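Examining the three-dimensional arrangement
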2 protein chains.
Amino acid sequence: MKDAQTNVEQSDEISLLLEDQLCFALYAAQRALTNRYRPLLEQFGLTYPQYLVMLVLWEHGALPIKKLGTLLELDYGTLTPLLKRLEAHGLIQRRRQVEDERSVQITLTDEGSELRGRIRVVPAAIAEAAGLTGNETTDAKTLLEKLHANISASD
Amino acid sequence: MKDAQTNVEQSDEISLLLEDQLCFALYAAQRALTNRYRPLLEQFGLTYPQYLVMLVLWEHGALPIKKLGTLLELDYGTLTPLLKRLEAHGLIQRRRQVEDERSVQITLTDEGSELRGRIRVVPAAIAEAAGLTGNETTDAKTLLEKLHANISASD
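Residues numbered from 1 in each chain as written. Chains lettered and ligands numbered in written order. Predicted model: local features only at pLDDT ≥ 70, side-chain atom pairs only at ≥ 80, totals over all residues.

The next point concerns the overall build of chain A. Scanning chain A from terminus to terminus reveals eight helices and three strands. Along chain A, from the amino end to the carboxyl end, the secondary structure elements read α-α-α-β-α-α-β-β-α-α-α. Principal-axis analysis of the C-alpha atoms gives chain A an extent of 75 × 40 × 25 Å. The buried share of chain A, reckoned over its 155 residues, is 27%. Here the analysis covers contacts within chain A between residues at least 6 apart in sequence; of these, 42% occur between residues at least 24 apart. (Helix = DSSP H or I, 4+ residues; strand = E, 2+ residues; numbered from the N terminus. Buried ≥ 20, exposed ≤ 12 C-beta atoms within 10 Å, placed from the backbone. Contact = placed C-beta atoms within 7 Å.)

If you want it as structure tokens, here you go:
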């Protein structure tokens, strides 16, 4: 009786084994994915966070920096140097709004807009490397979004 | 007929929308999770990568630095400063092997071993914040491991 109870208690215990940690699977997958993106994006002179900024701008066109930060969950201190580099590469423009001096509007240059047509080789190569079926991709996205929403709500 | 064909082509197209990117879901979930870990681990004086090192040492006991790097997929240049800080905190010891001067063995100190019993509050708090069922956690881990294995194999 005593032994049976001990076993039940042990199975309820929080595991400290690395292979049992969802967080490690997430960390390792994210690192592998970032490493896979690097050489693909380097051909276009982009880092991964810069690529995310460009995705948002291709989708929304011009955006205030604040909105860009909200969509990408990046703070001002992270975004500013990143946007300065994209501007130096000629892909975007940062314009202070006349009506509100504190607000900076981010717009695509012609070169930035034109990049959209050529960049598709990157997500295509990533999708092939990831090798998940459509359903698996949807399931993974749904679970990650649920995890993300729950964690954000628990702060 | 022409329209129907165009629609099929469009649905096959690679999406550039942020919300369609599995990589962004992964990136955002990983960032949220790391932010959630930070205050929990700070109480024990650990960063997230230091916590991963401790998990591996609690599981395996003493390990050569090379093996530690393999298990955590961290290179020597990343591991060395991290291990030096854990040693300065009195949690581990780094010992050069007598039989092979190039090999460094990592061992837990008594203080490092003792931390294992107190740290369980961290994965317990994370599991609660994540709010996934047992099956969802298993599914997410399986999909992430498959993604990781496929991407690593495609290099």
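Take the interface of chain A and chain B next. Listed by partner, the interface residues are 49 residues for chain A and 49 residues for chain B. Elements with a minimum of two residues in the side of chain A that touches chain B: α2 (22–42), α3 (48–60), α7 (121–130) and α8 (134–153) of chain A. When residues in the side of chain A that touches chain B are grouped by element, the largest group, 14 residues, is from α8(A). Residues of the side of chain A that touches chain B, tallied by class, amount to 31 nonpolar, seven polar and 11 charged. (Nonpolar A, V, L, I, M, F, W, Y, C, P; charged D, E, K, R; others polar.)

This part is about the sheet that holds strand β1 (residues 63–64) of chain A. All names here are of chain A. Read from one edge to the other, the open sheet built from three strands follows the order β1-β3-β2, with strand pairing classed as antiparallel. Bordering the open sheet on either side are β1 and β2 (92–96), each of which pairs with just one other strand. The pairing of β1 with strand β3 (residues 104–108) spans two bridges and is classified as antiparallel. Paired with Pro 64 across the strands is Gln 105, a residue of β3. (Pairing = 2+ DSSP bridges.)

Overlaying chain A with chain B gives an RMSD of 0.0 Å, the required rotation being 180° about an axis along which the chain moves by 0.0 Å. Classification of the inter-copy transformation places it as that of a two-fold axis. Rotation axis and chain A: the residue whose C-alpha lies nearest the axis is Ala140(A), separated from it by 3.1 Å. Here 100% of the contact residues of chain A are again contact residues in chain B; the copies associate through an equivalent surface. (Least-squares fit on C-alpha atoms with pLDDT ≥ 70 in both.)

Now for the nonpolar core. Ranked by size, the top nonpolar core spans 68 residues in total, and within it Leu26(A), Ala29(A), Leu26(B), Ala29(B) and Leu144(B) carry the most contacts. The contact partners of Leu26(B), leaving out residues within four places of it in the chain, are Ala29(A), Gln30(A), Leu33(A) and Leu144(A). (Core = buried A, V, L, I, M, F, W, Y, C linked by C-beta atoms within 7 Å.)

Residues and elements named next belong to chain A. Along the chain, the position of Gln 97 falls in the loop between β2 and β3. On the basis of neighbour count, Gln 97 is assigned to the exposed category, with 11 C-beta atoms found within 10 Å. The spacing of Gln 97 and Pro 64 is 33 residues in sequence and 9.0 Å in space, taken between C-alpha atoms. Apart from residues lying up to four places away in sequence, Gln 97 is in contact with Ser 103 and Gln 105.

What follows covers α7(A). Considered for burial, the residues of α7(A) that qualify are Pro123(A), Ile126(A) and Ala130(A). Projected down its long axis, α7(A) carries its buried residues within an arc of 60°, all on one side. Opposite the packed face of α7(A), turned more than 90 degrees from it, sit the exposed residues Val121(A) and Glu128(A). Summarising the contacts, the buried residues of α7(A) are in contact with α2 of chain A together with α2 (22–42) and α8 (134–153) of chain B. (Arc of directions from axis to C-beta.)

By the element assignment, Glu99(B) lies in the loop between β2 (92–96) and β3 (104–108). Between the C-alpha atoms of Glu99(B) and Thr137(B), which are 38 residues apart in sequence, the distance is 43 Å.

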